[in-house]
Amino acid sequence: MAAHTTGPNGLIPIHIAVHDPAPMEEPGPQANDYVRDLFAASAKYAGISWTRYGAEPRWLGMDTSTCAAAINPSHFSGNGADEFDRFLSGAASRGEPALIIATMGTADEDDDRVRSVFGRPGGRVDFRNFTGAILGERLLAKTEVSLVPGLDAADRDLGLRLLNRPADAPWWAMSVQASALVGQRGTTVREPEGELVPILVDSLGEPVVARWTSGDGQQIWYVIPDAVDWNQVVDWLVQRAVREHVPAALRRGRSRHHVDPALETPAETQARSALEEVERRYLEDKARLEDDLERARQEAEPVRSGLLYGSGSELEDAVAVVLRAAGFAVTELDEELGGTLSADLLAVLNGSTCLVEVKAASGAAGEKLISQLQRHLEKWPQLRPGQPVTCAALIVNHQHRLDPAERPAEVYQRRVVDALPFPVIASGDLFHWWRTQDWPAVQAAVLGQPHSAGERDEPPAGGRQTPAVGRRRWLPWGKGGTA
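Residues numbered from 1 in each chain as written. Predicted model: local features only at pLDDT ≥ 70, side-chain atom pairs only at ≥ 80, totals over all residues. Heavy atoms only, no water.

Student: Where do I start with the packing of aromatic side chains in this structure?
Tutor: How two aromatic rings sit relative to each other is given by the distance of their centres and the angle of their planes. Using the criterion set out here, one finds 8 aromatic pairs in the structure. Taken together, a centroid distance of 5.3 Å and an interplanar angle of 50 degrees make the contact between Tyr 45 and Trp 230 tilted. Taken as a pair, Tyr 45 in the loop between α1 (33–43) and β2 (55–58) and Trp 230 in helix α4 (residues 230–245) lie far apart in primary sequence, 185 residues in all. With relative accessibility at 5%, the residue Tyr 45 sits in the buried group. Here Trp 230 falls in the buried class, since its relative accessible area comes to 7%. Ring geometry for Phe 84 versus Trp 221: centroids 6.5 Å apart, planes at 80 degrees, classification edge-to-face. Of the two residues, Phe 84 sits in helix α2 (residues 81–93) while Trp 221 sits in strand β13 (residues 219–225), which places them 137 residues apart along the sequence. (Phe/Tyr/Trp six-rings, centres within 6.5 Å; stacked < 30°, edge-to-face > 60°. Helix = DSSP H or I, 4+ residues; strand = E, 2+ residues; numbered from the N terminus. Buried < 20%, exposed > 50% of the residue type's maximum accessible area, 1.4 Å probe, protein only.)

Student: Would you mind going over the state of the cysteines with me for this structure?
Tutor: What we call a disulfide is simply a covalent bond connecting the sulfur atoms of a pair of cysteines. Counting across every chain of the model gives 1 disulfide. Across a sulfur-sulfur distance of 1.6 Å, Cys 354 and Cys 391 are joined as a disulfide pair. Classification of the bridge connecting Cys 354 and Cys 391 rests on its S-S torsion, roughly -60 degrees, and on that basis the disulfide is left-handed. Here the residue Cys 354 occupies a position in strand β16 (residues 352–361), and Cys 391 occupies one in strand β17 (residues 391–398), the gap between them amounting to 37 residues. Here Cys 354 matches Cys 391 in class, with each residue buried. (Disulfide = S-S within 2.5 Å.)

Student: Hey, could you run me through the packing of helix α7 (residues 312–325) against helix α12 (residues 439–447) in this one?
Tutor: For any two helices packed against each other, the geometry comes down to the angle between their axes and how far apart the axes lie. Where α7 meets α12, the axes come as close as 9 Å, and the angle between the chain directions of the two elements is 115 degrees. Taken together, the axes of α7 and α12 lie roughly perpendicular to each other. Every pair of crossing elements has a handedness; the one defined by α7 and α12 is left-handed. Facing Val 322, Leu 323 and Ala 325 of α7, the residues of α12 in contact are Trp 439, Val 442 and Val 446. (Axes fitted to C-alpha atoms, helices over the stretch in contact; angles between N-to-C directions. Parallel < 35°, antiparallel > 145°, perpendicular 65-115°, else oblique. Left-handed = near helix turned anticlockwise from the far one by under 90°. Contact = heavy atoms within 4.5 Å.)

Student: Looking at this structure, I do not really get the pattern of salt bridges. What am I missing?
Tutor: According to the stated counting rule, one finds 24 salt bridges in the structure shown. When the shortest N-O distance is used, the salt bridge between Arg 272 and Glu 276 registers 3.1 Å. Pair noted here: Arg 272 and Glu 276 are both in helix α6 (residues 266–309), with a separation of 4 residues, about one helical turn. On the basis of relative accessible area, Arg 272 is assigned to the partly exposed category, the value being 27%. By relative accessible area, Glu 276 is classed as partly exposed at 42%. By sharing partners, the salt bridges in this structure join Asp 157, Arg 161, Asp 235 and Arg 240 into a single network. (Salt bridge = Lys/Arg side-chain N within 4 Å of Asp/Glu carboxyl O.)

Student: Is there a simple way to think about the sheet that holds strand β8 (residues 172–177) in this case?
Tutor: The strands making up a sheet associate through backbone hydrogen bonding, with each pair oriented either parallel or antiparallel. Spatial ordering of the open sheet is given by β5-β6-β8, a layout of 3 strands whose pairing is antiparallel. The outermost strands of the open sheet, each flanked by one partner alone, are β5 (124–126) and β8. Each strand of the sheet is rotated relative to its neighbour by a mean of 15 degrees, with strand direction disregarded. As defined by bridge partners, strand β6 (residues 133–138) adjoins β8 across 6 bridges and the pair is classed as antiparallel. Across the sheet, Arg 138 pairs through a bridge with Trp 172, a residue of β8. (Pairing = 2+ DSSP bridges.)

Student: What should I look at first to understand the packing of α6 against helix α11 (residues 427–435) in this one?
Tutor: Two numbers describe how α6 lies on α11: the axes approach to 8 Å, and their chain directions differ by 155 degrees. Between α6 and α11, the interaxial angle falls into the category roughly antiparallel. Facing α6, whose interface residues are Ala 300, Val 303, Arg 304, Leu 307 and Leu 308, α11 presents Ser 427, Gly 428, Leu 430, Phe 431 and Trp 434. By residue class, the composition of the contact of α6 with α11 is 7 nonpolar, 2 polar and 1 charged. (Nonpolar A, V, L, I, M, F, W, Y, C, P; charged D, E, K, R; others polar.)

Pasting the structure below:
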């Protein structure tokens, strides 16, 4: 190994299993693939501000026994295996875990010459001595990923930094694989002992950034995707990961990022304690608020989705939720009467009994929806002679294939609606009143009563103005009721 200064210099030594990129020159057109591969592997780490982040790189050919962490170490002879062994042996002799950062896959899927030091570009990270591996399956472009809740400070910080990668940067879904050793006595399968903790996951819950801790706790692997900002990763490695997993390395190197609490002044101790308390409260409050937000979204989403994009039972269920929230006693008539004998809902409030028909139209609403409610009104006295209806309402989710902001404000032209004995309500308006908890507006719309918008009213989804609700009309159906 090349000689290296061993005294503390305030920097944390980190091993990287490539040659120092600083003296390397880009290969000319006559260079062979081996030379090009060496240059490409090193070029990924060119331009990192090591000293700025409190780190000292230890490249191939340098002593790695005192390193606090390793980035993409190699188990291949002549390409970093010796340096990897010295790194592991040094950590073991100090009773410290070996902290390792490994990248999954190769960002440029068309360039199969640029290979990870761990194997093929398809995505594979092998543990030392091939005792198992983490496989990566490249995901489709524009895959959405999210942070796993409840992470510790170091893992959470890494996840937040990697969430800021470019939108077109690739991700790999990760899984642990056992190793198979073929010998004279057959194949021996070795299951890797340890735990894979997801940090970022895709929409199916598969980890795309993860931490692997070996069963004996002697190795901690952070597996991240290729195409990262290495300045961000090195900054996180020194300030978060080393502090969390190998704090003694900060003391040995006299890092500016660490002062032994026993050597602090009272002012330092007070400020550090206050900062730790602020961080603790922040994490607790953030976790609580995230839980509150998730619960609120789970409650709201069925109604929002149903009113704005739903049809059939999904839309009917959402309308029923809103009417009940507005104070109506709601009966689902298909279930009550058995089949589609009448309208969808019966809504009762303060002596008013309303038949409510709920419909969806992917395009412009046809006038046959109006005739369907008219037929239900005519048939109602035969179905429930002892319960006359006093009003009716047609609720329509029209043009539901369009974004709510692009839909026409009204289901029908006003001249059509004005001739009807019942109101026609856009489900988007119902959504607006539900979202703003304007229950008088819901009541007035369904009962066909005038309603003056209060100061707290806002334009509904799409920014359009809520159409005025028509006045109540006498209905010919029922026995003397008004609507």
